[in-house]
Amino acid sequence: MTFTSKSTVTQVRYLDDEGNVVQPLPAWADDLDLLINFYKNMVLVRTYDKKAIALQRTGQMGTYPSHLGAEAVGIGVGMSMAVEDVYVPYYRDMPTMLMRGATMVHNMLYWGGSEQGSYFNRPDGQLSEDFPICVPIATQCTHATGVAAAFKLRGEKRVAVTSIGDGGTSKGDFLEALNCAGAWQLPCVFVINNNQWAISVPRTIQCGAPTLAQKAVGAGIPGVQVDGNDIIAVFDVMKKALERARTGKGTTLVEAVSYRLSDHTTADDATRYRPAEEVNDAWKREPIKRLRQYLHNQGVWDETKELAWQSDCNQQVQAAVEQYLATTQEPPEAMFDYHYESLGEPLASQRQQLINKAMRMAGGNHG
Amino acid sequence: MAKVTLLEAVNMALHHEMAADENVVCLGEDIGTNGGVFRATVGLKDKFGFKRVMDTPLAEGLIGGLTVGMASQGLRPVAEFQFQGFIFPAMEQIICQAARMRSRTRGRITLPLVYRAPFGGFIHAPEHHSESVEALFAHIPGLRVVIPSSPARAYGLLLAAIRSNDPVMFFEPKRIYRTVKHEVQDNGQALPLDVAFILRQGADITLVSWGASVNETLVAAEQLAEQGISAEVIDLATIKPLDIDTILKSVRKTGRLCIVHEAAKSFGVGAEIAAQVAEKALWDLKAPIARVTGYDVTMPYYQNEKYYQIHPEDILLEVKNVMEHSA
Ligand SMILES: Cc1ncc(C[n+]2csc(CCOP(=O)(O)OP(=O)(O)O)c2C)c(N)n1
């Protein structure tokens, strides 16, 4: 017997590097207000990103993973999802999380060393069901599969969406999650933020396959590659994948090809392992300039609007920073208060010891 | 003699042993061109080539299993995990495979491998970057768990770990990676495994610690001396197997014991030491055994981590308490 599996991966793209249309746009893209919204959000998160790095450099925040260059992926994914869907992020997903209700203040609190950063609402004011930022690579994928399994079990028309870096796709967790989602035909979308680098390890020596989208073949689900710097393409591919999941047709793997224009985190120095020419070249394809050019060409965006929006973004970011810096630190004993539903002995006595210690520390050295 | 940091001492030992034994290979995430996220493997790839210094795909389970296979062929893999908190995906390989292979095969297949990982808190790191879970590994039969507390011991113990024919978990206290510099001679001399080091002689109380906390323990001992209390300080160094004899000898002399560790209190290495001392030297004790440890909570994000951290004053207060409540 012969089993044939056709696996052709073609990259989906509507706008080229200069913002020219390369194939007829999807109908929804006639809504120029929506595209302007995409654009504004991408500029906002880029403004935030710059500020977050500055905060880290000046000691006001801890290690921070920049999303510079991935704005179209994050905003595209975030804006395509329904409020009641569940998002299961990894650490570089601030843009998506922002679209889903976690604010800049939450993001700063998280990277500023406070658990308060993971307590956030949906945009409609309800307590969010989205997961907190995931640091251990790829473990979030299995959670998304579980969330989707719950949706399917209860017959809910909701979708679980998760994202992961290109390096993370090397892990068993990713493949295990994908495999199960495929076998059970779960309402789930996996998004690979393929920014070409996993810290210092380039995509090419991470995996021997020419695309990461084709990892879907083994799971029996569609794998789509999209130009991750083209937000129209990202949104369109996501819309279709979400629709597919919502109508009971199962899981999709989306590989968004972009480029990490920044260091891996503020603790990294990419010049040690990455040629400058490569980065310069990648800047030519970056997502924001591309959509701006398109909006210019449509006559709906200009320099005046640009300057006004930039100053608006600066103000929004500044206001968020002030709120972050003014947020009262949680008392030390908060570290005891959320582990179990109720605090029994001996944790209660350890908690009291900690309070005594904190008071001692506040009162100076009474050795 | 060169003064080096603990991190540089690790690097020195790796360079030394890769040159001395062509079976030694290094592998892990970002260890090649980047020299590891902390730079522990800097220069190795340039010197020994990518065949012996391998950037692996981002997959710890793979690293665990790959090294088992390599070591079975007589290679001596030294694998780096970027942080102790990221070893967990490899636990199945380490616990179910690496630790048991010699016993299962009655010595036919042995696994001379080393798993290195920075560990411990208090460097303002994000979550999952501050774990101190040496007890998890110490609990597993078949593993050695080694923790250096100074550059010299990092150099000597790492050499010993690589030369050991058994799997070794080698945990490097990253809080003191760069903060202390000692003279270390690159002479290829290993320190003994399975032996605790007495860092300071004393008559009134025995303080046992390991890793970064050894430094606060030494500071506390100094301050206790000024107050007329003579503390003996032991650096455990090899956590498993435990050198209980050195501890017992000291406790029999001082009659008092205080264990200092950064990891959560319950079910930890401190509990094991206390149990063994209670079993073997209860009647030599003049006071109950004390522990100064982390709390039984997840290491808090860094805004509150200083409250979790052990300061010399915490040790001082506990020791005074022990002294006051002595028989
Ligand atoms: C299980 C695990 N191993 C190692 C790490 C350390 N680490 C953090 S980010 C990273 C690289 C991730 O690269 P990729 O998946 O491509 O995502 P990117 O950061 O490029 O967005 C590594 C190795 C981790 N967080 N979790």
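Computed from a predicted structure; not experimentally measured.

## Points about the domain arrangement of chain A
For interface size, the figure often reported is the accessible area lost on association. Domain boundaries in chain A define domain 1 (11-326) and domain 2 (334-366). Centre-to-centre, using C-alpha coordinates, domain 1 of chain A lies 39 Å away from domain 2 of chain A.

## Points about the interface of chain A and chain B
On the chain B side, the residues contacting the 43 residues of chain A number 37 residues. Taking both partners together, chain A and chain B bury about 3600 Å²; carbon and sulfur atoms supply 56% of that area. Counting the contacts that link chain A with chain B gives four salt bridges. For the pair chain A and chain B, the number of links is 19 residue pairs in polar contact (both at pLDDT 80 or more). Within the residue set of the side of chain A that touches chain B, elements represented by two or more residues are helix H4 (104-111), helix H7 (203-206) and helix H12 (347-362) of chain A. Per-element tally for the side of chain A that touches chain B: the top contributor is H12(A), with eight residues. Taken together, the residues of the side of chain A that touches chain B break down into 20 nonpolar, 17 polar and six charged.

## Description of the pairing of strand S7 (residues 168-173) of chain B
Residues and elements named next belong to chain B. Within S7, six of the six residues are buried, leaving the element largely enclosed by the surrounding structure. Where burial is concerned, the two faces of S7 agree: the one with Val168, Phe170 and Glu172 and the one with Met169, Phe171 and Pro173 are both buried. With six bridges joining them, strand S5 (residues 114-119) and S7 adopt parallel strand pairing. Note that in S7 the partner of Phe119 across the bridge is Pro173. Pairing of strand S6 (residues 144-146) with S7, which is carried by three bridges, proceeds in the parallel orientation. Directly across from Val145, in S7, lies its bridge partner Met169. Following the backbone out of S6, through helix H7 (residues 151-163) and into the adjacent parallel S7, one traces a crossover that is right-handed.

## Things to note about unusual backbone geometry
For residues that are not glycine, phi is negative in most cases, and the peptide bond is trans in most cases. The residue after Glu345(A), namely Pro346(A), is reached through a cis peptide bond having omega 5°. Tracing the backbone shows Pro346(A) in the loop between helix H11 (303-326) and H12. Cis geometry is adopted by the peptide bond preceding Pro241(B), which originates at Lys240(B) and carries an omega value of -5°. Position of Pro241(B) among the secondary structure elements: in the loop between strand S12 (238-240) and helix H9 (244-254). Located in the positive-phi region is Gln185(A), a residue other than glycine, with phi close to 50°. Looking at the element boundaries, Gln185(A) is found in the loop between helix H6 (172-183) and strand S4 (188-194). Under the relative-accessibility criterion, Gln185(A) is labelled partly exposed at 46%.

What counts, and where the lines are drawn
- Residues numbered from 1 in each chain as written.
- Chains lettered and ligands numbered in written order.
- Predicted model: local features only at pLDDT ≥ 70, side-chain atom pairs only at ≥ 80, totals over all residues.
- Heavy atoms only, no water.
- Domains from an automatic or database assignment.
- Contact = heavy atoms within 4.5 Å.
- Buried area = accessible area lost by both parts, 1.4 Å probe.
- Salt bridge = Lys/Arg side-chain N within 4 Å of Asp/Glu carboxyl O.
- Polar contact = N/O pair within 3.5 Å; in protein donor to acceptor, adjacent residues only side chain to side chain.
- Helix = DSSP H or I, 4+ residues; strand = E, 2+ residues; numbered from the N terminus.
- Nonpolar A, V, L, I, M, F, W, Y, C, P; charged D, E, K, R; others polar.
- Buried < 20%, exposed > 50% of the residue type's maximum accessible area, 1.4 Å probe, protein only.
- Pairing = 2+ DSSP bridges.
- Right-handed = clockwise from strand over helix to strand, strands pointing away.

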